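If you want the building blocks of each chain, they are given just below.
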Amino acid sequence: MANTGYGKRPAGDEDPHADPDFAHLLPRDAEIAVFVDHLEEGHAMGHKAIAAAHPRYGQQAVRVSLGRIVVAGHLRWIREHITVEDNSMRWVTRTYWSRTRRSAEWWENLARERHGKDVTEHYFPGLARVEEEADAEVVAEAEQVAAEAAAEAAADNEREEPAAEQPSAAYRALAEAGAVDGRMPLSDGDCRSLEPLAAQWLAHGASPQDITKALTDGLPPAVDNPGGLARNRLERKMPPKKAKIRQKAGRRARVTRVLMVCGLCDADERTTEITHGLCRECMAEIEAEGPLVFYGAIPDTFLPGPREGGGPGPRESGGLEGADEVIDVTERVDALRRAAGLTSPKGRNR
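Everything numeric here is computed off the predicted structure, so don't read it as measured data.

Caption draft 1: Spotlight on the environment of Arg56. Mapped onto the elements of the fold, Arg56 is located in the loop between α2 (47-53) and α3 (59-72). Between the C-alpha atom of Arg56 and that of Arg28, which follows or precedes it by 28 residues, the distance is 9.9 Å. At 2.9 Å, the side chain of Arg56 and the side chain of Glu31 are in polar contact.

Encoded structure:
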């Protein structure tokens, strides 16, 4: 998973899952597209992270396929400049995924709609929250909770009769360790002795499941002293105190600039031309691996110039009204027919 607020995010208004979702892609590209489509929202979208999770393909194969998926209209990287009213600023790169194919114009419109967005209250959709260091009040509050839990546990140990009330959340989390893994059976005495430490975990923002997981993950084949091992882990893995997140009144944050980013090299529109989600260099790199599947017409910047010998260029012959280009595909069709065995040795069609 990516850091909180980053990684894969839906572009919105997607069609439901269907078999032909990625049928227009080459087999490997389609397989990786299906894999990405089923990743959780917030998953890291770099080619290295996806290759590490994919069972079949390595980094270079995933990188090339991601580039093809970008060109086909399923994926875009958009860089947003966030300005907060205290004059602090930052750039944030967002990853937008769409199961449904989108045109370059659709993606450009999505980027334009991000411009001017007020993102003060919504961290995940737009970023920009103000995180302050934990102040003395927050630290004192956490320590007070831990002290109260410790005092309560000590008082319970002094009683001759077991307490009538239900055990605390810290006690239950410790007792649960033995049920999760038989190598960590903590006795009642162990649980009561360790309860102040577990209560401190909870005061720092951990959940009971976090405590149980810390006690049972990566255990050795045999545990001779479960209580001692539990104490060691609770002390050594103690989570830090969580800072209180506050939004100061009147401090607003907005997206003040939006740039399209190349999906492979991270260059943006300030330094290079981005067309169909890629820069010219990266487009040429993945095009060398095989023909690309564009959504709509191939952009002018990636079409060949006028032909030698005086023939018309891609847009010079007029063609049908509304057509973006005219391309002679005779040689390509003949090659496909020969590969399919539809042409006789003498060149006559069967």
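Caption draft 2: Spatial organisation of helix α4 (residues 104-114). Ala104, Trp107, Leu110, Ala111 and Arg114 are the residues of α4 that are buried. An end-on view of α4 places all buried positions within 120° of arc, on one side of the element. Set apart from the buried face of α4 by more than 90 degrees, the exposed residues are Glu105 and Arg112. Phi for Gly116, located one or two positions after α4, is positive at around 85°.

Caption draft 3: How the structure looks around the pattern of salt bridges. Per the stated rule, a full pass over the model turns up 11 salt bridges. A salt bridge links Asp29 to Arg68, with the shortest nitrogen-to-oxygen separation between them at 3.8 Å. Of this pair, Asp29 sits in helix α1 (residues 27-37) while Arg68 sits in helix α3; the two residues are 39 residues apart in sequence, bridging distant segments of the chain. Take Asp29: its relative accessible area is 3%, and that puts it in the buried class. Given the relative accessible area of 5%, Arg68 is considered buried. The shortest N-O distance in the salt bridge between Asp266 and Arg79 comes to 2.7 Å.

Caption draft 4: Structural context of the sheet that holds strand β3 (residues 89-97). Ordered by their spatial adjacency, 4 strands build an open sheet running β1-β3-β2-β4, and the pairing between neighbours is mixed. Across the chains shown, the open sheet's two edge strands, defined by having one partner strand only, are β1 (8-10) and β4 (253-261). Taking each pair of neighbouring strands and ignoring which way they run, the sheet shows an average axis angle of 40°. On top of the sheet, α3 reaches β2 (75-84) and β3; it is set at about 80° to β2, its chief contact. Against the sheet, α4 touches β2, β3 and β4, its axis set at about 15° to β2.

Caption draft 5: Focus on the environment of Arg63. Here Arg63 lies in helix α3. Overall, Arg63 belongs to the buried group, its relative accessible area being 14%. Taking the C-alpha atoms as reference, Arg63 lies 8.9 Å from Ile286; in sequence the two are 223 residues apart. Separated by 2.4 Å, the side chains of Arg63 and Glu285 make a polar contact.

Caption draft 6: How the structure looks around the side chain of Thr100. Relative to the helices and strands, Thr100 resides in the loop between β3 and α4. Thr100 sits in the buried class, given a relative accessible area of 16%.

Caption draft 7: Structural detail: unusual backbone geometry. In this structure, Asp266 is a non-glycine residue whose phi angle is positive, near 75°. Its place among the elements puts Asp266 in the loop between β4 and β5 (274-275). Of note in this structure, His276 is not a glycine but carries a positive phi near 55°. Among the secondary structure elements, His276 is positioned in the loop between β5 and β6 (278-279).

Rules behind the numbers
- Residues numbered from 1 in each chain as written.
- Predicted model: local features only at pLDDT ≥ 70, side-chain atom pairs only at ≥ 80, totals over all residues.
- Heavy atoms only, no water.
- Helix = DSSP H or I, 4+ residues; strand = E, 2+ residues; numbered from the N terminus.
- Polar contact = N/O pair within 3.5 Å; in protein donor to acceptor, adjacent residues only side chain to side chain.
- Buried < 20%, exposed > 50% of the residue type's maximum accessible area, 1.4 Å probe, protein only.
- Arc of directions from axis to C-beta.
- Salt bridge = Lys/Arg side-chain N within 4 Å of Asp/Glu carboxyl O.
- Pairing = 2+ DSSP bridges.
- Axes fitted to C-alpha atoms, helices over the stretch in contact; angles between N-to-C directions.
- Contact = heavy atoms within 4.5 Å.

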